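Here's the letter readout for the chains.
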Amino acid sequence: MTVISAAVFGTAWRPAPPGCAELLRECAARGWTVVLTAPGPAGAPALTVAAPGDDPVRAALELVGGRPSHAVAVAGTVHEVLAARRAGVPCIALEAGVDAGPLLRAAGAAEVHRDAAALLRVLDDSLLARPRAFGPVGAGTGGPRGG
């Protein structure tokens, strides 16, 4: 299961960063359940949490009956990284969101990539392909920082 912040995938007034649609399609093609934590791009191969409030990752898990041990969050802000940590879900951050890499890593992101296209290029070696590779959530902010 993959929980993705729709904030990093553009809005009606901001275009999606490079690789967003391709990343969503690839996750879906691999059979991963993708849940967007806010309205995402039209035609996205994903379920959408309508009103996630302050706990978007928990709301996404509840929507599909998912478990933190089988989920990875993709975030674009420190707030979203912290929400993933609260839910016990490891997190990959994209700098194409609002916050920069050092802030995202300090908040607990296991990986930080420039954008969705950069993550897609290393998908097989990323946390998305192996959710528990970095140990328990909160055990540090090490791991690949590709992108």
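Here goes a summary of the coordinates provided. As the structure is a computational prediction, the values presented were derived from the model and not from experiment. Counting of residues starts from 1 at the beginning of each chain's written sequence and follows it residue by residue. Confidence filtering applies because this is a predicted model: local features only for residues at pLDDT of at least 70, side-chain atom pairs given and counted only at 80 or more, and all residues used for totals across whole chains, interfaces and linings. Hydrogens and water are ignored here; the side-chain numbers use all heavy atoms of the structure.

Points about helix α2 (residues 56-64)
(1) Moving on: Taken as a whole, α2 has its buried residues at P56, V57, A60 and L61. Angular distribution of buried residues about the axis of α2 spans 140°; they occupy a single face of the element.
(2) Moving on: In DSSP terms, a helix is any run of H or I states spanning at least four residues, a strand is any run of E spanning at least two, and both are numbered starting from the N terminus. Among the residues trailing α2, G65 stands out with phi positive, at a value near 65°. Only protein chains enter the calculation, and the probe is 1.4 Å; a residue is then buried if its accessible area is under 20% of its type maximum, exposed if over 50%, and partly exposed in between. By arc we mean the arc of the directions from the helix axis to the C-beta atoms, nothing more.

Description of the nonpolar core
(1) Moving on: In this structure, I4, L23, I92, L119 and L128 are the most contacted members of the largest nonpolar core, which totals 17 residues.
(2) Moving on: Among the elements that make up this core, the one with the highest residue count is helix α1 (residues 20-29) (four residues).
(3) Moving on: Those residues in contact with L119 that sit more than four places away from it in its chain are L23, I92, L94, E111, H113, S126 and L128.
(4) Moving on: Nonpolar cores are built from buried Ala, Val, Leu, Ile, Met, Phe, Trp, Tyr and Cys residues. Side-chain atoms within 4.5 Å join them into one set. With 16 residues, the next largest nonpolar core counts L61, A93, L104 and V112 among its residues. Should any heavy atoms of two residues lie within 4.5 Å, those residues are counted as being in contact.

Things to note about a nonpolar patch on the surface
(1) Moving on: The patches reported here contain residues having more than 30% relative accessible area and no salt bridge. Joining distances are 9 Å for like charges and 5 Å for nonpolar side chains (Val, Leu, Ile, Met, Phe, Trp, Tyr). Accessible surface is estimated by sampling points in the Shrake-Rupley manner with a 1.4 Å probe; for residues, cover comes only from the protein chains shown. Whenever a carboxyl oxygen of Asp or Glu lies within 4 Å of a side-chain nitrogen of Lys or Arg, that contact is scored as a salt bridge. Side chains of L47, L63 and V64 sit close together on the surface and give an oily, nonpolar patch of about 230 Å² of accessible area.
(2) Moving on: In this structure, V64 sits in helix α2.
(3) Moving on: On the basis of relative accessibility, which here comes to 30%, the residue V64 falls in the partly exposed class.

What to know about the side chain of S126
(1) Moving on: If you trace the backbone, S126 turns up in the segment after α5 (116-121).
(2) Moving on: Looking at S126, the relative accessible area reads 1%, which means it is buried.
(3) Moving on: Among the polar contacts made by the side chain of S126, one reaches the main-chain carbonyl oxygen of L123 at a distance of 2.8 Å.
(4) Moving on: Beyond its immediate sequence surroundings of up to four residues, S126 is in contact with I92, E111 and L119. Polar contact is defined as a pair of N or O atoms within 3.5 Å, subject to the rule that within protein one atom must be able to donate a hydrogen and the other to accept it, and that residues adjacent in sequence are counted only when both atoms are side-chain atoms.

Notes on the packing of α2 against helix α3 (residues 78-87)
(1) Moving on: Every axis in this analysis is a line fitted to C-alpha atoms, fitted for helices over the stretch in contact. Angles between the N-to-C directions lie between 0 and 180 degrees. Running from N to C, α2 and α3 point in directions that differ by 55°, and their axes come no closer than 7 Å. By the angle between their directions, the pair α2 and α3 is classed as oblique. Counted together, P56, V57 and R58 of α2 and A83, A84, R86 and A87 of α3 form the full contact between these two elements.
(2) Moving on: Tallied by class, the residues present in the contact of α2 with α3 amount to five nonpolar, no polar and two charged. Any angle that is under 35 degrees is reported as roughly parallel, and any over 145 degrees as roughly antiparallel; angles of 65 to 115 degrees are reported as roughly perpendicular and all others as oblique. For this scheme, ten residues count as nonpolar: Ala, Val, Leu, Ile, Met, Phe, Trp, Tyr, Cys and Pro. Four count as charged, namely Asp, Glu, Lys and Arg, and the remainder, Gly too, count as polar.

Remarks on the pattern of salt bridges
Pairing is possible between side chains of opposite charge, provided their charged atoms come close.
(1) Moving on: For the structure shown, the criterion picks out five salt bridges.
(2) Moving on: Two residues, R58 and D55, come together in a salt bridge whose shortest N-O distance is 3.3 Å.
(3) Moving on: The residue R86 makes a salt bridge to D55 at a minimum N-O spacing of 3.6 Å. Residue R86 is found in helix α3, and its partner D55 is found in the loop between β3 (47-48) and α2; the two are separated by 31 residues along the sequence.
(4) Moving on: Each member of the salt-bridge network shares a partner with another, and the members are E26, R30 and D124.

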